[in-house]
Amino acid sequence: MPGDRVVIVGGGAAGLVSAFALAARGLDVTVLERSTSVGGKMRQVAIGPALIDSGPTVFTMRSVFEELFAAAGKNFADHIRLRPLEILARHAWDEHSRLDLFADEERTINAIGEFAGAAEADGYRTFCRDTKRIYDILEKPFLRASQPSMGGLIGADGLRGLMRLPQIKPFSSMWSALGRYFADPRLQQLFGRYATYCGSSPYLAPATLMLVAHVEREGVWSIDGGMQALATALADGARSFGATIRCGQEVSEVILSCGRAAGVKLASGERILADAVIVNADVGAVANGLFGIPARRGAAAIPDRARSLSAMTWSAVAKTDGFPLHRHNVFFSANYAAEFDDIFVRDKLPDEPTVYVCAQDRDGSDIVRSEPERLLILVNAPANGDRHSYDAAEVEQCAQRTLGVLRRRGLQIQRQTDAMQVTTPADFNRMFPATGGALYGRSSHGWTASFQRPGARTKIPGLYLAGGSTHPGPGVPMAALAGRSAAASLLADLTSPRSFRQTVMRGGMSTR
């Protein structure tokens, strides 16, 4: 039938999910990925024989993927082996102040009580209740909606929706809201860190983002084979329904015909005609003309000042000592406000960063499975990789500051330069062009920011957007929801004579 050939630009999580969903419905799908392997930000770095997850490392919201596979008649558990984590994350402020968050809420309450007192434990109970409420209110009318809007959010429940608006706390900053739950600044810092999951500052992001804490509390898993195994499972699922996935293929232009998307042109000069195109790339790449000048009107540019966080990361194989690492570990800076001022105001690497360490050979205990062990070490950084070059001296200075934070909190890492690979914001900008290295699209600063992320449909018929820079936002499960939204929008338009089929027939570009 007309309108059933789809090209997907980019084999990240959203692109693969779109491919899976559309191929399962019988559409002719081709995925074009510029890298040598699929996964996008779910990348692995090889240090000798060791493969290190060097992008997303936290897997949550497994139900999103279970639903995707079930809709295609498959069982997610048959394709991915997940291991639930009893300890969600381990946190440290100095050599003696440490706190674990557990999957079991009561264990976390007890741990907080021992760490900071009964009043703070009570505050956490209330925090859990409120973050669950925020998530429950937003899940269907916002997170799973194809196009975000405050009117749509309120309208979903009429007057009741308007009355529930204060409960999602859109007009308070996360930091100020946390002060109403916790008097201990360490706990404010711990739960404020969830803003960084969206690439944002807790001092500028709305308290609505506290819902991320609920998402994590619902379950965190490690994946056998790392996050790349998820990308492989999605790609294999799409292929099982006939999708074609071509790696090492850079798209230089989205072809338009009669005002609608009609295929793509590769950097090699090859043209691939299609009836619809889904672009799984940062929206800035579309808006800045990286897919051709005519396609620019398909997305609005993200101003530099509105970019989310970037990062400086080290993928390493190293011996550690002195601190009982778990899978996910956070070592907080002594001055959190200064850290975010350095990044978002002074546009520089923080003088004292908060450091995240993912110890990938530790799952259910403090015992390391092999030594030396695989580590991803990450600090937040400004998204200035398109206007600032990070030379060896600056990178080394950042490394020394980072290792200094770890030493002062009890962790010694015996690094070897030949077993460590650094990635700077400039490197991320090369991997994900037109971003400056921003890893989360637009920052979530201010209550309107979430409504400024584009939905799947664009002003160009037949052109759709998907990925972490689109609605509902960054992170693997959110990108997956964006991929499903793009697929659903395309399928809905496919059955609508006005919006899809008649245009395809008039344009004459269908390959059928």
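Above this text sits the structure in question.
The structure displayed is predicted, hence computed values, not measured ones.

S.K.: It is not clear to me how the pairing of strand β11 (residues 260-266) should be interpreted in this structure. Could you clarify?
M.R.: In regular strands, side chains alternate between the two faces of the sheet. The buried fraction of β11 is high, at six of seven residues. The pairing of β11 with strand β12 (residues 271-273) spans three bridges and is antiparallel. Looking at the pairing, Lys265 lines up with Arg271 of β12. Counting the residues that bridge the hairpin from β11 to β12 gives four residues, and of these Gly269 lies at a positive phi of roughly 100°.

S.K.: What is the right way to read the environment of Gly483 from this model?
M.R.: Mapped onto the elements, Gly483 comes out in helix α15 (residues 476-494). Assessed through its relative accessible area of 0%, Gly483 is described here as buried. Put simply, Gly483 and Ala21 are 462 residues apart on the chain and 8.6 Å apart in space, counted from C-alpha to C-alpha. Excluding residues within four positions of it along the chain, Gly483 makes contact with Ala14, Val17, Ser18 and Ala466.

S.K.: I'm lost on the layout of surface pockets in this one. Help?
M.R.: Its boundaries defined by the atoms lining it, the second largest pocket holds a volume of some 370 Å³. Along its surface, the second largest pocket is lined by 21 residues, and Ala21, Arg484, Ser485, Ala487 and Ala488 are the ones closest to its centre. For the lining of the second largest pocket, the secondary-structure elements that each account for two or more residues are α1 (13-24), α2 (62-71) and α15. Broken down by element, the lining of the second largest pocket gets its largest block of residues, seven residues, from α15. Taken together, the residues of the lining of the second largest pocket sort by class into 13 nonpolar, four polar and four charged.

S.K.: I keep staring at the pairing of strand β13 (residues 276-280) and nothing clicks. Help me out?
M.R.: Burial within β13 is extensive, with five of its five residues counted as buried. Burial along β13 is two-sided: the face carrying Ala276, Ile278 and Asn280 and the face carrying Val277 and Val279 are both buried. Sheet topology note: the strand β1 (residues 5-9)/β13 ladder contains four bridges and is parallel. Paired with Val6 across the bridge in β13 is Ala276. Relative to strand β20 (residues 463-466), β13 runs parallel, the two sharing four bridges. Each bridged residue has a counterpart across the sheet, and for Asn280 the counterpart in β20 is Ala466.

S.K.: Can you help me understand the environment of Ala50 in this one?
M.R.: Along the chain, Ala50 turns up in strand β4 (residues 50-53). Filtering out sequence-adjacent residues up to four positions away, Ala50 remains in contact with Val45, Val317 and Arg374.

Cut-offs and rules
- Residues numbered from 1 in each chain as written.
- Predicted model: local features only at pLDDT ≥ 70, side-chain atom pairs only at ≥ 80, totals over all residues.
- Heavy atoms only, no water.
- Buried < 20%, exposed > 50% of the residue type's maximum accessible area, 1.4 Å probe, protein only.
- Helix = DSSP H or I, 4+ residues; strand = E, 2+ residues; numbered from the N terminus.
- Pairing = 2+ DSSP bridges.
- Contact = heavy atoms within 4.5 Å.
- 1 Å grid on protein atoms, 1.4 Å probe; cavity = no way out; pocket = protein on both sides within 12 Å on 5 of 7 lines; lining within 4 Å.
- Points joined across faces, edges and corners; volume = space filled by probe spheres on them.
- Nonpolar A, V, L, I, M, F, W, Y, C, P; charged D, E, K, R; others polar.

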